[in-house]
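What follows is each chain in one-letter form.
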Amino acid sequence: MSQQQWGVTPPISTAGPTAEENQLNDGMIEELRAQGSFESDAESKKRVQVLNVLQQLTLEFVYTVSKRKNMSEGMAKDAGGKIFTYGSYRLGVYGPGSDIDTLVVVPKHVTREDFFLVFDEILRKRPELNKIQPVPDAFMPILKIVFDGIDIDLNFGRLDIPQVPLNLTLRDKNLLRNIDEKDLRALNGTRVTDDILELVPKRTVFRHALRTIKLWAQRRAIYANMFGFPGGVAWAMLVARICQLYPNAVSAVVVAKFFTILTQWNWPQPVLLKPIEDGPLQVRVWNPKLYANDRGHRMPVITPAYPSMCATHNITASTQKVILEELKRGAELMSEIQRGTKKWVDLFQKHDFFYRYKFYLTIVTGTKGTYEDHLKWSGFVESRLRFLVQKLEVVEGIALAHPYVKAFTKSYECANEDEANKIKQLYGTLEGEEFAKGLKELDEDILAAQEEAKKTDDGDHDVDAADNDKEADGKVVVHLMKLYIGLKIELKGKQKKMDIQQPCTDFNTICSSGAQFDEMKNAISIKHVKLYDLPNDVYTEEEVRPVKEKTKKRKNEKMLDGTKKAKSSPAPAVGA
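Residues numbered from 1 in each chain as written. Predicted model: local features only at pLDDT ≥ 70, side-chain atom pairs only at ≥ 80, totals over all residues. Heavy atoms only, no water.

K.L.:
Can you walk me through the UniProt feature "domain: Poly(A) polymerase central" (unreviewed entry) in the protein in this structure?
P.N.:
Mapped onto the present numbering, the UniProt feature "domain: Poly(A) polymerase central" (unreviewed entry) falls at residues 205–350. Measuring from the first to the last C-alpha atom of residues 205–350 gives 25 Å, for a span that is 51% helix and 0% strand. (UniProt positions renumbered as here; feature names shortened; annotations may be inferred. Helix = DSSP H or I, 4+ residues; strand = E, 2+ residues; numbered from the N terminus.)

Okay, here's the thing in structure tokens:
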């Protein structure tokens, strides 16, 4: 009797688990529990309650827009609206503190502009709303909210149908007709997640293996699509492919094979869960034979739902090197775990990013305005960081430009403009950390809550009131964010230094040309910081910061040209 084939090739092995493999699997799940990977029943029930509230708000949103567009009462009520989940929540691999990726699906008369205006208004009236950050100009426009303590990314998708009933599914490809690319990308998030679950042999095995790989990738700081690493859906598809190749294996074996196979994978050969499909739309489907951009994808992982897209298009030359190094490390550790010389906890050891390089670039954004203004501006800069990485990669002497996957943020109350300008200049360095000790640090969660309360009470026009009150007595509130890029430098021959002025200037131009940039409120600067000048807040309390050994002054100390040292004025810089 022939075996069922999962995916585009026959399985490598259909063998079931041995007693040793079952024991190894039990140890893996036990370690996942010890690491806090699983959520309590009470927390899971709260998520369901929040999603039920959001479903009711979606109905209210569509009804409100329908009435404003002069539809009758009956037609407005029948217009419907439905939320779908996708990502880690839909896949069943969420844990404590995980966000919920949510798609708001609406009928054809409701626009994306309505979403960012009307749905925004409805959300702000709810007492459960803790924080809101509209990101309308991103590649995937979303409303980022914290609702009753739960982080939620609200996406928007419009269908070319007059009503969206509660029993609607998104399986029918014809639902994708006559919609724009942003709607198509949004709708495909849910469709891809559903396809992944259908394309794995055993969902429980897949979920435990994916939890392990997610935790590993997060600890090793290689989990962030925006910064050029695989995101949640890409890691899920990679794990799913290994499940297809070993359909009867337990999760621990899937994890071991994951590292072995992907370390040896012949990139840029794509990872596929099923053959790429044709469909009814005149839309672009991933095809490196036709499209030059697709040929440029370094580690393509292709979504199974029509129209197939590359989920890893943001991976750069540098981030690919980092990913492959981590996969190799994972393979070596798994061999030792299987032999019993290492334990599962060793796989989840934290990254060493802030120990690894001699030089770092610090990208600092500053905002003199509301906290919401700051979220919009800093979020935009975050979404563009990979362009700076790509520009640095082609500079002679830079072997690697490694972006860190998380931002650091602070808000301060300064006595005057001079203090505000100085903390913006020094933020991201050890000297800046010392200077900040003389400033009043503001709690960003409280700031966000105060702004929401102000909007609810007085309307949008008064949202700057708290900041204006500060300015009235000469005090200035400044919101700051810093991002880091580690630089591996390899100067060759007679090369004494290198010039990174141009990529930094180009990046400043990209950011300051965006619609989010207001020169009266926003600023951005780039400076280089040496390892021993990094601030303490990049290290945890358990970590020991690196200490400089007393040696003779190195000849290549001034290798970096084009940014100032951290102690001097950052350059290039633009804005307030």
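Structure shown, so let's carry the discussion forward.
K.L.:
Sorry, what's going on with the UniProt feature "binding site: ATP" (unreviewed entry) in the protein here?
P.N.:
UniProt's feature table lists "binding site: ATP" (unreviewed entry) at Asp99, Ile100, Asp101, Asp153, Lys214, Tyr223, Gly232 and Val233, given in the numbering used throughout. By secondary structure assignment, the location of Asp99 is in the loop between α4 (87–91) and β2 (100–106). For Asp99, a relative accessible area of 27% puts it in the partly exposed group. Non-local contacts of Asp99, meaning those with residues more than four positions away in its chain, are made with Arg47, Ser88, Asp151, Ile152 and Asp153. Assignment of secondary structure puts Gly232 in helix α8 (residues 232–245). The partly exposed category is assigned to Gly232, whose relative accessible area is 28%. (Buried < 20%, exposed > 50% of the residue type's maximum accessible area, 1.4 Å probe, protein only. Contact = heavy atoms within 4.5 Å.)

K.L.:
Any chance you could explain helix α15 (residues 417–426) here in plain terms?
P.N.:
Since the α-helix advances by 3.6 residues per turn, residues separated by three or four positions end up pointing in the same direction. For α15, the full list of buried residues reads Ala420, Ile423, Lys424 and Leu426. Contacts made by the buried residues of α15 are with β6 (359–367), β8 (408–414), α16 (430–436), β10 (476–489) and β12 (522–530). For α15, the N-terminal cap is Asn416; the gap from its side-chain oxygen to the backbone nitrogen of Asp418 is 3.2 Å. Positive phi appears at Gly428, one or two residues downstream of α15, with a value of about 100 degrees. (Polar contact = N/O pair within 3.5 Å; in protein donor to acceptor, adjacent residues only side chain to side chain.)

K.L.:
Would you take a moment to explain the environment of Lys350 for this structure?
P.N.:
With respect to the helices and strands, Lys350 occurs in the loop between α12 (344–347) and α13 (353–356). A residue is classified by how much of its surface remains accessible, and Lys350, at 32% relative accessible area, is partly exposed. Distance in space between the C-alpha atoms of Lys350 and Trp216 is 8.7 Å, their sequence separation being 134 residues. Ignoring sequence-local partners within four residues, the contact set of Lys350 consists of Arg219, Arg220, Thr540 and Glu543.

K.L.:
I'm lost on the domain arrangement of the protein in this one. Help?
P.N.:
How big an interface is tends to be expressed through the accessible area that disappears when the partners come together. According to the domain assignment, the protein consists of domain 1 (19–35 + 200–348), domain 2 (41–193) and domain 3 (359–454 + 473–533). Measuring from the centre of the C-alpha atoms in domain 2 to the corresponding centre in domain 3 gives 32 Å. Of the residues lining the interface, eight residues belong to domain 2; the matching set on domain 3 comes to twelve residues. Buried surface at the junction of domain 2 and domain 3, summed over both partners, amounts to about 830 Å²; 45% is from carbon and sulfur atoms. Looking only at domain 2, the three residues that lose the most surface to domain 3 are Lys131, Gln133 and Asp137, adding up to 52% of its buried area. In this assembly, domain 2 and domain 3 are joined by one salt bridge. For the pair domain 2 and domain 3, the interface holds two residue pairs in polar contact (both at pLDDT 80 or more). No other element matches strand β3 (residues 129–135), which puts six residues into the side of domain 2 that touches domain 3. (Domains from an automatic or database assignment. Buried area = accessible area lost by both parts, 1.4 Å probe. Salt bridge = Lys/Arg side-chain N within 4 Å of Asp/Glu carboxyl O.)

K.L.:
It is not clear to me how the side chain of Thr319 should be interpreted in this structure. Could you clarify?
P.N.:
You can see Thr319 is positioned in helix α11 (residues 317–339). With near-sequence residues (within four places) excluded, Thr319 lies in contact with Phe227, Gly228, Phe229, Glu393 and Pro403.

K.L.:
Looking at this structure, I do not really get the packing of aromatic side chains. What am I missing?
P.N.:
In this description, an aromatic ring pair is defined by two values, namely the gap between the centres and the angle between the planes. Counted according to the given criterion, the structure contains 27 aromatic pairs. Between Phe61 and Phe119 the ring centres are 5.0 Å apart and the planes differ by 40 degrees, which places this aromatic pair in the tilted class. With Phe61 in helix α2 (residues 41–68) and Phe119 in helix α5 (residues 112–124), this pair connects stretches of sequence that are 58 residues apart. For the pair shown, Phe61 and Phe119 are each scored as buried. Centroid distance Trp377 to Phe517: 5.2 Å. Interplanar angle 50 degrees. Geometry classified as tilted. A residue pair is termed long-range when its members are at least 10 positions apart, and Trp377 in helix α14 (residues 371–393) and Phe517 in the loop between α19 (501–512) and β12 qualify at 140 residues. Under the relative-accessibility criterion, Trp377 is labelled buried at 0%. The cationic tip of Arg33 hangs over the ring face of Phe38; the distance from NZ or CZ to the ring centre is 4.6 Å. A cation over a ring is seen here: Arg284 above Tyr291, with NZ or CZ 4.2 Å from the ring centre. (Phe/Tyr/Trp six-rings, centres within 6.5 Å; stacked < 30°, edge-to-face > 60°. Lys NZ or Arg CZ within 6 Å of the ring centre and 35° of its normal.)

K.L.:
In this structure, what is going on with the environment of Gln450? I would like to understand it.
P.N.:
Within the secondary structure, Gln450 is located in helix α17 (residues 444–458). Classification of Gln450 as partly exposed rests on a relative accessible area of 46%. Taking the C-alpha atoms as reference points, Gln450 and Gln390, separated by 60 residues in sequence, lie 39 Å from one another.

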